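Listed below are the residues making up each chain.
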Amino acid sequence: ELSLEMNLRIWWKDTRLSHLADRSGNKFIVLNPVLLDKIWHPDIFIDHVKGVAQPALISKPASLRVYPDSSVRYSARITVTMACQMDFHYYPADTQRCNVDMKSYAYSSKILALDWREGKGALLVEYLELPNFDVALDTTQNFMVNTGSG
């Protein structure tokens, strides 16, 4: 089992919403994140997830932005707990790998393409220290995996 605390940012285009940002005169308009359920958004899930939590003090850490070019950005601070097959037989001289595969439940990759925005992958905080472990992040592979669900 592996738990990851992350800032998840998902971007997509929806031309039906661009007029909201056009009127504001700003680079983007901020909407209440509860409106996410009222608009179309990608049906993304992470394979092998045991749980997703969104810790909150007063309100859940999330934002929803609409840009004049029809881009929509949803951002949320979440904790993902995943099931990962690990073999510690050779510990401490072993290497463990846990893939974070993001998928669409209903859409094939021909309809909904997941990719890193502007070629920038995930980032690992510089100050992360785990005793007895070296942590690395590999974003070289495409994380979009086709699913037969839906």
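Up top is the structure these notes are about.
All of the points below concern the structure found in this document. The structure displayed is predicted, hence computed values, not measured ones. Every chain's residues receive numbers from 1 upward, in the order its sequence appears when written. Note on the predicted model: pLDDT of at least 70 is required for a residue's local features to be given, and 80 or more for side-chain atom pairs to be given and counted; whole-chain, interface and lining totals, by contrast, use all residues. Just so you know, side-chain values use all the structure's heavy atoms and leave hydrogens and water out.

**A word on the pattern of salt bridges**
Right, on to step 1. Any Lys or Arg side-chain nitrogen located within 4 Å of an Asp or Glu carboxyl oxygen qualifies as a salt bridge. Applying the stated criterion across every chain, the model contains 5 salt bridges.
Right, on to step 2. Of the charged contacts, one joins R77 and E5 as a salt bridge, the two residues approaching to 3.0 Å between their closest N and O atoms. Highlighted residues: R77 in strand β6 (residues 71–82) and E5 in strand β1 (residues 2–13), separated in sequence by 72 residues.
Right, on to step 3. With a 1.4 Å probe rolled over the protein chains alone, any residue whose accessible area is under 20% of its type maximum counts as buried; one over 50% counts as exposed, and the rest are partly exposed. Taking relative accessible area as the criterion, R77 reaches 31% and is therefore assigned partly exposed.
Right, on to step 4. On the accessibility criterion, E5 (54% relative accessible area) is exposed.
Right, on to step 5. As a salt-bridge pair, D14 and R16 come within 2.9 Å of each other at their nearest N and O atoms.
Right, on to step 6. With relative accessibility at 6%, the residue D14 sits in the buried group. A helix here means a DSSP run of H or I that spans at least four residues, while a strand means a run of E at least two residues long, and both kinds are numbered starting from the N terminus.

All quantities given are derived from atomic positions and should not be read as evidence of function.
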